[in-house]
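Breakdown of the fold
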Amino acid sequence: DELVTSFTMRDDRHLMILGPAEDDSATLNSKEYQDAMVEQKYLKEFYDKEGVPWLSYYPPTKPVLPFWPADFVGQVHKVKSFVGYFSSETEQSSEPVDLKIKVVSTKPRVVLIEDLLSEFEIEHIVSLGKGVVRRSSVGSSDDGFLSDTRTSDNGWLSRHKTHVLDTVYQRFADALRTPDELMVEGHGGNLEQLQFVRYKKGQKYDPHHDFGNTGKPNQRFSTLFIYLQTPEEGGATSFPKAQPR
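Residues numbered from 1 in each chain as written. Predicted model: local features only at pLDDT ≥ 70, side-chain atom pairs only at ≥ 80, totals over all residues. Heavy atoms only, no water.

Examining the side chain of arginine 159
Relative to the helices and strands, arginine 159 resides in the loop between strand E5 (153-157) and helix H4 (163-176). Arginine 159 sits in the buried class, given a relative accessible area of 4%. Within polar-contact distance, the side chain of arginine 159 engages the side chain of aspartate 166 at 2.7 Å. Of the polar contacts made by the side chain of arginine 159, one reaches the backbone oxygen of methionine 183; its length is 3.0 Å. Ignoring any residue separated from it by four or fewer positions in sequence, one finds arginine 159 in contact with Leu165, Asp166, Tyr169, Gln170, Asp180, Met183 and Glu185. (Helix = DSSP H or I, 4+ residues; strand = E, 2+ residues; numbered from the N terminus. Buried < 20%, exposed > 50% of the residue type's maximum accessible area, 1.4 Å probe, protein only. Polar contact = N/O pair within 3.5 Å; in protein donor to acceptor, adjacent residues only side chain to side chain. Contact = heavy atoms within 4.5 Å.)

Shown next, in the form of C-alpha cells:
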C-alpha cells in the first residue's frame, strides 16, 4: 500500500484536511474545499487567541442567552428572585430569595450559588430522584453504553413532574439570567430535563467534556450543578483545566 499522507496530532489542530493534488484545480477552487480551509483558519486563530480549542458548532452563532460576567475570581453578582422557598407541597413563602453568585473560575466560567433551594425542596427532589435512578451510561440516550469511567446512578426528571419542581425552575431561570419562557424542555427547547445523579462510596465520573459533537448548533453551553446532599467526607467536582486551579 502507498502512504498518501500522515498527520501529527497537536493540541492546536482539530481539523485535518487531506489536500488535493496541486494540479487538481477543480477541487482547489471548489466551495467545499475553500470552506474547509476557512474553517481550519478560524480554528487556528481561535486557539492562538484563547489558548483552548474551539470544539463546538461551526460556524459559531451569535449567543442569544446571556450568562454572568466572570472578569475575575471573587466577582459577585446579586440577584433577587421573587420565587419564594417552599416549606411543603402547599406552602410557599411570599418573601423573595436573595441569591449571591460568586465567580470561582474564569476559564471555564464557573460560579457558586449558595442557598438556591430550601430544605423541603431538596428533600422533594431527592424523593423524586430515587424513583428514577439506574446505572449511569456514557453517551446519549440513543447510543449510551456502560463504562468503568462512569459508575454512578442517574435518572431524569421533567420540570412538569410536580408543581413544586416546575415553580422552582423559575428560580433557576433567575439564577441563570434566562427568561423562564425559554426554559423549555425537549425538541426546540433550551434545556434538558433535570438529571438526578447518585454517587455511592467509591463511585465516580472521570474527567470528560460535558457536551457532544453532534454537528448541530443546539449544544450544551452551561450546566446548573446542584449538590443536594453533602457527604461527611470525600466527594467533589473538579475542573482539571480551570484557571486558576
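A short note on the sheet that holds strand E4 (residues 134-135)
Working definition: the strands of a sheet are paired by backbone hydrogen bonds and lie parallel or antiparallel to each other. Strand order in the open sheet made by the three strands is E4-E5-E6, with antiparallel pairing throughout. At either margin of the open sheet sits one strand with a lone partner, and together these are E4 and strand E6 (194-198). As paired strands, E4 and E5 are joined by two bridges and run antiparallel to one another. Bridge pairing links arginine 134 to asparagine 154 in E5. Sheet strands touched by helix H3 (residues 119-130): E5 and E6. Its angle to E6, the strand with the most contacts, is close to 80°. (Pairing = 2+ DSSP bridges. Axes fitted to C-alpha atoms, helices over the stretch in contact; angles between N-to-C directions.)

Structural notes on the packing of aromatic side chains
Considering all chains together, one arrives at six aromatic pairs under this definition. Between tyrosine 42 and tryptophan 54, the ring centres sit 6.1 Å apart and the planes meet at 85°, which makes this aromatic pair edge-to-face. Separated by 12 residues along the polypeptide, tyrosine 42 in helix H2 (residues 31-50) and tryptophan 54 in the loop between H2 and strand E1 (76-81) bring together distant segments of the chain. In this structure tyrosine 42 comes out as partly exposed when scored by relative accessible area, which is 24%. (Phe/Tyr/Trp six-rings, centres within 6.5 Å; stacked < 30°, edge-to-face > 60°.)

Observations regarding the confidence of the model for the protein
Overall, the predicted model of the protein reaches an average pLDDT of 89, with 96% of residues at or above 70. Per-element mean pLDDT across the protein ranges from 92 in E4 up to 97 in H3. (pLDDT = per-residue confidence, 0-100.)

Description of the sheet that holds E1
What the three strands build is an open sheet, ordered E1-E2-E3; its pairing is antiparallel. Looking at strand neighbours, the two that pair on one side only are E1 and strand E3 (110-113), the edges of this open sheet. Neighbour to neighbour, the strand axes of the sheet diverge by 30° on average, direction disregarded. Looking at chain direction, strand E2 (residues 97-105) and E3 are connected through four bridges and run antiparallel. The partner of isoleucine 101 across the bridge, within E3, is isoleucine 113. The sheet contacts of H4 involve E1, E2 and E3, and relative to E2 the element is tilted by about 45°.

Here we look at empty space enclosed by the protein
Counted according to the given criterion, the structure contains one cavity of 30 Å³ or more. Lining the largest cavity we find Asp12, Arg13, His14, Leu43, Tyr47, Pro53 and Trp54. Its residues assigned to classes, the lining of the largest cavity shows four nonpolar, one polar and two charged. (1 Å grid on protein atoms, 1.4 Å probe; cavity = no way out; pocket = protein on both sides within 12 Å on 5 of 7 lines; lining within 4 Å. Points joined across faces, edges and corners; volume = space filled by probe spheres on them. Nonpolar A, V, L, I, M, F, W, Y, C, P; charged D, E, K, R; others polar.)

Some remarks on the side chain of threonine 167
Within the secondary structure, threonine 167 is located in helix H4. Ignoring sequence-local partners within four residues, the contact set of threonine 167 consists of Val83, Phe86 and Gln92.

Digging into unusual backbone geometry
Cis geometry marks the peptide bond from tyrosine 58 to proline 59, where omega comes out at 0°. Positionally, proline 59 belongs in the loop between H2 and E1. For the bond from lysine 107 to proline 108, the omega torsion is -5°, close enough to zero to count as cis. With respect to the helices and strands, the residue proline 108 is situated in the loop between E2 and E3. One non-glycine residue, aspartate 115, lies in positive phi territory at about 55°. Here aspartate 115 shows up in the loop between E3 and H3. In this structure, arginine 177 takes a positive phi of about 60° despite not being glycine. Note on arginine 177: relative accessible area 35%, which makes it partly exposed.

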